Amino acid sequence: MIGLISATAAGAAARDRLAAAWPERTRVYDGPVGEAVRAAFAECGQLVCFLATGATVRLIAPLLGDKASDPGVVCVDEGGRFAVSLVGGHGGGANELAREVGALLGAEPVVTTATDAVGLPGLDTLGFPFEGAVASVSRALLDGEPVTLEAELPWPLPPLPTSPQGSYTIRLTDRAVEPGEREVLLRPPSLVVGVGASSGAPVEEVLGLVEETLREAGLSVRSVAELATVDAKSREPGIVAAAGRLGVPVVTYPAEELAAVEVPNPSGAPLAAVGTPSVAEAAALVSGGELLVPKRKSERADGRPAMATCAVVRRPARGRLAVVGLGPGARDLLTPRAADELRRASVLVGLDQYVDQIRDLLRPGTRVLESGLGAEEERARTAVAEARKGHAVALIGSGDAGVYAMASPALAEASDDIDVVGVPGVTAALAAGAILGAPLGHDHVSISLSDLHTPWEVIERRVRAAAEADIVVTFYNPRSRGRDWQLPKALAILAEHREPTTPVGVVRNASRPDESSRLTTLVALDPASVDMMTVVTVGNTATRDVAGRMVTPRGYRWQESTQVSTRAGDQEPPQVSSTRGSTRASTQEEAR
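Examining the overall build of the chain
Thought 1: Helix and strand counts for the chain come out as 20 helices and 28 strands.
Thought 2: C-alpha atoms of the chain, sized along the principal axes, occupy 95 × 65 × 60 Å.
Thought 3: When the 592 residues of the chain are sorted by exposure, 45% land in the buried category.
Thought 4: Contacts spanning at least 24 positions in sequence make up 65% of the contacts within the chain whose residues lie at least 6 apart.
Thought 5: Counting 58 positive and 73 negative side-chain charges, the chain places the centres of these two groups 2 Å from one another.

Encoded structure:
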């Protein structure tokens, strides 16, 4: 919960905006400011104080205990200009909260944590349990001292500026080892513990078995990702409570699925009880991985039969491939999600000119694999191969990576052994449409005129279908030095079905510094003025030039009624009763 505190009317106005936007996340603390801060500090995980930083510092200073447990505190000035991460930048999440508050209130987030300030990920913010000399190793990274990354498991990590040899170490391991004096241990969620339990098995027996098994195998309990069992045991109190104490979820599987898993130690007892010859081993192995510890039974001091079993599997690391659309070129049209993925990736794959657009957004240590035009297949294969090695990979494309870009070849290459995330971007057609006016206000289609990958016969058939269907057409890749006849041919096909005066919008380098655009007609367009950096949008029979803007009417009936009334000289508004149903239908169409 986020506690909200303010002292003035101006602060209360901003506070209420935050409370309205996050009703489930926030709680407003009224009354004297000192009492409100003390109450929120004790009850909330984070605070946003709409106060001067000096006042906030004096109020929270007596309350501070340990940075690992203190709430994160963000201070917003009463003018709403800055959101300052004051306390608990990493551990309390104040850095991220300052960015969220800033985005919501239009304030500039102020983050002074050293790693964040220079673009390095904090070792305590990677999402892994950690042990060791975080402060010393982080300082070494900041000072440019050699830090070695020892990844015993291939697990996706953000970029870190590490060296082959160094006096400081970051070790990614699930083994139960102690960190050295200049070492940080990162614990990946690599272990799955399969558990079986008789009805009524006490939590102490289940948890004791799991912890003892891991300890004897030399494995860290902090790398346990989940407890896995059969569906019939999904609510078994001892298993549920053990998972709760470990801080991991309980994952269950149907008995018939577990019965199909080959295990080294099947048994008739679970087969009779829950319908599968193995619970612990099968549940641990069902998603794949290496069986590190076969089935073990608990031992009871009173000599009675064991009530719990467990087995341990190291699951294979899954690399991560983010296919990222960069938008049409302008930095402010690059989405925040895309920027986050670029900072998250340890490996970036892309066309050299696109890499140059966003190189400044990459974190230190990012490995960049760039290539020139015509190497799309190579880039797709490279990105998937790097993800299969366990890396966090970003494959970039202009516009939306799924539209005439890299998502299609990459996903055709990828299998289910990696995680794939798609990050949408603003397409060239959308950017050009916004510049021209509203040419895509009704049904529209995009067609690439490049026949490098698609036979011209197929392209021509699609152009003719769009022409006959009276659909607005946006042409990608309309003309190059080696392809100068396709655009005139496509325009001629459209001209068979549309008037010579049909509006045509031409936009070159949409959203970039040398952007240019013009509105012409089907008969007046000179194909020689078009190149590969141009998007050509041809209207349908309803598209109009309205005050120099290209507009394709949506076809609202209320708009038609208004136009009819205006032409008739009647200034009265149209009757609501005659248009209410069509207005609602149009609104519903828009919402879809």
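Section: the packing of helix H17 (residues 456-468) against helix H18 (residues 486-495)
Thought 1: Closest axis-to-axis distance for the H17/H18 pair is 9 Å, and the angle between their directions is 30°. In terms of orientation, H17 lies roughly parallel with respect to H18. As for how H17 packs across H18, the hand of that crossing is right-handed. Between H17, through Trp 456, Glu 460, Val 463, Arg 464 and Ala 467, and H18, the contact on the second element is made entirely by Gln 486, Lys 489, Ala 490, Ile 493 and Leu 494.

Notes on helix H6 (residues 134-142)
Thought 1: For H6, every residue scored as buried is listed here: Val 134, Val 137, Ser 138, Ala 140 and Leu 141. An end-on view of H6 places all buried positions within 155° of arc, on one side of the element.

Brief notes about the packing of aromatic side chains
Thought 1: Scanning the entire structure with this criterion turns up two aromatic pairs.
Thought 2: Summarising the aromatic geometry, the rings of Tyr 404 and Tyr 476 are spaced 4.7 Å apart at their centres and angled 50° between planes, so their arrangement reads as tilted. One end of the pair, Tyr 404, is in the loop between strand E19 (392-397) and helix H15 (407-413); the other, Tyr 476, is in strand E23 (residues 472-476), and 72 residues separate them in sequence.
Thought 3: Look at Tyr 404 and you get partly exposed, because its relative accessible area is 43%.
Thought 4: The lysine or arginine in question, Arg 25, covers the ring of Trp 22, its NZ or CZ lying 4.3 Å from the ring centre.

Details of the nonpolar core
Thought 1: Membership of the largest hydrophobic core comes to 24 residues, with the highest contact counts inside it found for Val 193, Val 195, Leu 214, Leu 227 and Val 312.
Thought 2: Mapped by element, the contributors of at least two residues to this core are strand E11 (191-197), helix H7 (203-217), strand E12 (224-230), helix H8 (237-246) and strand E15 (308-314).
Thought 3: Among the elements that make up this core, the one with the highest residue count is H7 (six residues).
Thought 4: Apart from residues no more than four positions distant in its own chain, Val 193 is found in contact with Val 210, Leu 214, Val 224, Glu 226, Leu 227, Ala 228, Cys 310, Ala 311 and Val 312.

Side note on the layout of surface pockets
Thought 1: By volume, the second largest pocket is sized at about 1400 Å³.
Thought 2: Forming the walls of the second largest pocket are 43 residues, and the residues nearest its centre are Tyr 354, Tyr 404, Tyr 476, Asn 477 and Met 532.
Thought 3: Secondary structure elements with two or more residues in the lining of the second largest pocket: helix H13 (352-358), helix H14 (376-388), E19, H15, strand E22 (444-448), H17 and strand E26 (534-538).
Thought 4: Looking at the lining of the second largest pocket residue by residue, the classes come out as 20 nonpolar, 17 polar and six charged.

Some details on the sheet that holds strand E27 (residues 544-546)
Thought 1: On the basis of which strands lie adjacent, the open sheet formed by three strands has the order E21-E28-E27 and mixed pairing. In this open sheet, the two strands that pair with only one neighbour each are strand E21 (437-438) and E27.
Thought 2: When E27 meets strand E28 (residues 549-551), the two strands line up antiparallel, connected through three bridges. Bridge pairing in E28 links Asp 545 to Met 550.

A short note on the side chain of Thr 552
Thought 1: Looking at the secondary structure, you find Thr 552 in the loop between E28 and helix H19 (557-567).
Thought 2: A polar side-chain atom of Thr 552 sits 2.8 Å from a polar atom in the side chain of Thr 543.

Things to note about helix H12 (residues 336-344)
Thought 1: Along H12, the residues classified as buried are Ala 338, Ala 339, Glu 341 and Leu 342. Looking straight down H12, one finds its buried side chains confined to an arc of 160°; they lie on one side. Residues Pro 336 and Arg 337 are exposed on H12 and point more than 90 degrees away from its buried face.
Thought 2: Looking at the buried positions of H12, the neighbouring elements they touch are strand E16 (320-325), strand E17 (347-351), H13, E19 and strand E20 (419-423).

A few points about the sheet that holds E20
Thought 1: A sheet is described by the order of its strands in space; here five strands give the open sequence E18-E17-E19-E16-E20, paired in parallel fashion. In this open sheet, the two strands that pair with only one neighbour each are strand E18 (367-371) and E20. Strand-to-strand twist in this sheet, taken as the mean axis angle between neighbours without regard to direction, amounts to 15°.
Thought 2: With five bridges connecting them, E16 and E20 associate as parallel partners. The partner of Ala 322 across the bridge, within E20, is Val 421.
Thought 3: Together, E16, E17, E19 and E20 form the strand contacts of H12, whose direction differs from that of E16 by roughly 140°.
Thought 4: Where H14 meets the sheet, it contacts E16, E17, E18 and E19, and its direction lies at approximately 175° from that of E17.

Some points on the confidence of the model for the chain
The predicted structure's coordinates, where accompanied by low pLDDT, should not be read in detail.
Thought 1: With 92% of its residues at a pLDDT of 70 or more, the chain has an overall mean of 88.
Thought 2: By mean pLDDT, the top-scoring element of the chain is E23 (97), and the lowest-scoring one is helix H20 (residues 576-591) (35).
Thought 3: Note on residues 564-592: pLDDT under 50 across the span, and 10 contacts to partners over four residues away in sequence or across chains.

Rules of the game
- Residues numbered from 1 in each chain as written.
- Predicted model: local features only at pLDDT ≥ 70, side-chain atom pairs only at ≥ 80, totals over all residues.
- Heavy atoms only, no water.
- Helix = DSSP H or I, 4+ residues; strand = E, 2+ residues; numbered from the N terminus.
- Buried < 20%, exposed > 50% of the residue type's maximum accessible area, 1.4 Å probe, protein only.
- Contact = heavy atoms within 4.5 Å.
- Lys, Arg positive; Asp, Glu negative; His and termini not counted.
- Charge placed at Lys NZ, Arg CZ, Asp CG, Glu CD.
- Axes fitted to C-alpha atoms, helices over the stretch in contact; angles between N-to-C directions.
- Parallel < 35°, antiparallel > 145°, perpendicular 65-115°, else oblique.
- Left-handed = near helix turned anticlockwise from the far one by under 90°.
- Arc of directions from axis to C-beta.
- Phe/Tyr/Trp six-rings, centres within 6.5 Å; stacked < 30°, edge-to-face > 60°.
- Lys NZ or Arg CZ within 6 Å of the ring centre and 35° of its normal.
- Core = buried A, V, L, I, M, F, W, Y, C linked by side-chain atoms within 4.5 Å.
- 1 Å grid on protein atoms, 1.4 Å probe; cavity = no way out; pocket = protein on both sides within 12 Å on 5 of 7 lines; lining within 4 Å.
- Points joined across faces, edges and corners; volume = space filled by probe spheres on them.
- Nonpolar A, V, L, I, M, F, W, Y, C, P; charged D, E, K, R; others polar.
- Pairing = 2+ DSSP bridges.
- Polar contact = N/O pair within 3.5 Å; in protein donor to acceptor, adjacent residues only side chain to side chain.
- pLDDT = per-residue confidence, 0-100.

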